[in-house]
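# Results of the structural survey
Listed below, chain by chain, are the residues.
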Amino acid sequence: MARRRLLLLLKPFDVFQFGQSGGASPITIPQAFRYLDNRRKVHKDAINFCQDILRKKSNIDWEPMLRTNLSQPIRNFDLVVTVGGDGTLLQASHFLDDSIPVLGVNSDPTQVKEVEKFSNEFDATRSTGYLCAATVQSFEQVLDDILVGQKVPSNLSRISLSVNSQPLSSYALNDVLIADPCPATVSRFSFRIQRDGESCGQLVNCRSSGIRVSTAAGSTAAMLSAGGFAMPVLSEDLQYMVREPISPGAAIRLMHGIIKSDQSMKASWFSTKGVIYIDGSHVFHSIQHGDSIELSSKAPSLKVFLP
């Protein structure tokens, strides 16, 4: 079997640290303090476990990297393994094209009994890991199945964006939010659905707190929480929803809908300032009055090993 090159991308060890020496801890509930400390330990143990597994594999050359150190496109690897949750996999996706598959390992899965036990005291939810195909317990078996070709990646659609006809370098695996930098500000914008550059729907004028567009993979995240619906994960369509529309009138039926795989959405921004948030708040692009934004699912797909 040919040797494989693997990048092990890690959520930082200290992501759950709190109550540093020399300062008072904001956590006053002893159970919550122990819970958070346990989360940090579980994650660190998961990283050590995955590294131990990789050290045993004579057919793999691998190197670890903290996700916070990612700054350049990922190249010259056969596989990327992320250890953390969906957030770590999402961050990796911004540095990947459609040539290198990614496997997510959920290092800190939610424990139902724990959530029930502390439900009256605090939120004990851990990581959902919707896109993670492995946990610590299954990592070695899933990895072996990948190496021998018994498990193949799925192609997940991503959102391609351009501003004033200039493509943005980042693709969204989850969703895109276009809004004012201040969430309490009402924004003005319009949009329409088009196909091959020609309009195939009416112009929709909006005053609202912004608009969200999600992929199928992202439809179970913020879109679903906002009242949208879950889509088949391999769908190439996009789902959009205008957030908190003000007096939409007869256009209410157009505030939520689908952008088919052969269509795009073209929006015009009519507020003084705005921001395009890509997969959360860390990747963003500023826009201003008069800017034109186009979104579609024509971005290179991402190869992901799904549960």
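Up top is the structure these notes are about.
Each value, and the rule that gives it
Residues numbered from 1 in each chain as written. Predicted model: local features only at pLDDT ≥ 70, side-chain atom pairs only at ≥ 80, totals over all residues. Heavy atoms only, no water. Helix = DSSP H or I, 4+ residues; strand = E, 2+ residues; numbered from the N terminus. Buried < 20%, exposed > 50% of the residue type's maximum accessible area, 1.4 Å probe, protein only. Contact = heavy atoms within 4.5 Å. Polar contact = N/O pair within 3.5 Å; in protein donor to acceptor, adjacent residues only side chain to side chain. Salt bridge = Lys/Arg side-chain N within 4 Å of Asp/Glu carboxyl O. Arc of directions from axis to C-beta. Pairing = 2+ DSSP bridges. Axes fitted to C-alpha atoms, helices over the stretch in contact; angles between N-to-C directions. Parallel < 35°, antiparallel > 145°, perpendicular 65-115°, else oblique. Left-handed = near helix turned anticlockwise from the far one by under 90°. Nonpolar A, V, L, I, M, F, W, Y, C, P; charged D, E, K, R; others polar.

All right, on to the overall build of the chain then. In terms of helices and strands, the chain carries 5 helices and 20 strands. Each principal axis of the C-alpha atoms in the chain carries an extent, and together these give about 60 × 55 × 35 Å. Scored against the burial criterion, the 307 residues of the chain give a buried share of 47%. For the chain, contacts bridging at least 24 residues in sequence account for 68% of all contacts bridging at least 6.

All right, on to the environment of S119 then. Note on placement: S119 falls in the loop between α3 (112-117) and β5 (134-135). Remark: the alpha-carbon pair of S119 and I276, spanning 157 residues in sequence, is separated by 35 Å. Within polar-contact distance, the side chain of S119 engages the backbone oxygen of E116 at 3.1 Å.

Our next topic: the pattern of salt bridges. Applying the stated criterion to the full structure yields 15 salt bridges. Across the salt bridge formed by D45 and K41, the nearest N and O atoms sit 2.8 Å from each other. In this pair, D45 and K41 are both assigned in helix α1 (residues 30-55), 4 residues apart and thus about one turn of the helix distant. The closest approach of N and O atoms between R126 and D108, which form a salt bridge, is 2.6 Å. On the criterion of sequence distance, the pair formed by R126 in the loop between α3 and β5 and D108 in the loop between β4 (102-106) and α3 is long-range, its members being 18 residues apart. You'll find R126 and D108 in the same group, each marked buried. A cluster of three or more residues bridged by salt bridges with shared partners is formed by R39, D108, E114 and R126.

It is worth spelling out helix α4 (residues 139-147) at this point. Every buried residue of α4 is listed here: F139, V142, L143, I146 and L147. Relative to the axis of α4, the buried residues are bounded by an arc of 135° and lie together on one face. Of the residues flanking the end of α4, it is G149, one or two places downstream, whose phi is positive at about 85°.

Let's shift gears to the pairing of β4. Here β4 lies mainly inside the structure; 5 of its 5 residues are buried. Alternating residues of β4 divide into V102, G104 and N106 and L103 and V105, and every residue in both groups is buried. Across 5 bridges, strand β3 (residues 79-84) lies against β4 in parallel orientation. Directly across from T82, in β4, lies its bridge partner G104. Pairing geometry for β4 and strand β20 (residues 302-305), over 2 bridges, is parallel. Within β20, the position partnered with V102 by the bridge is V304. Across 2 bridges, the pairing between β4 and β5 is parallel.

In contact at an axis separation of 10 Å, α1 and α4 are set at 40° when each is read in the N-to-C sense. One way to sum up the angle between α1 and α4 is to call them oblique. The handedness of the crossing between α1 and α4 comes out as right-handed. Here α1 contributes C50, I53 and L54 to the contact with α4, which in turn contributes F139, E140 and L143. Counted by class, the contact of α1 with α4 contains 5 nonpolar, no polar and 1 charged residues.

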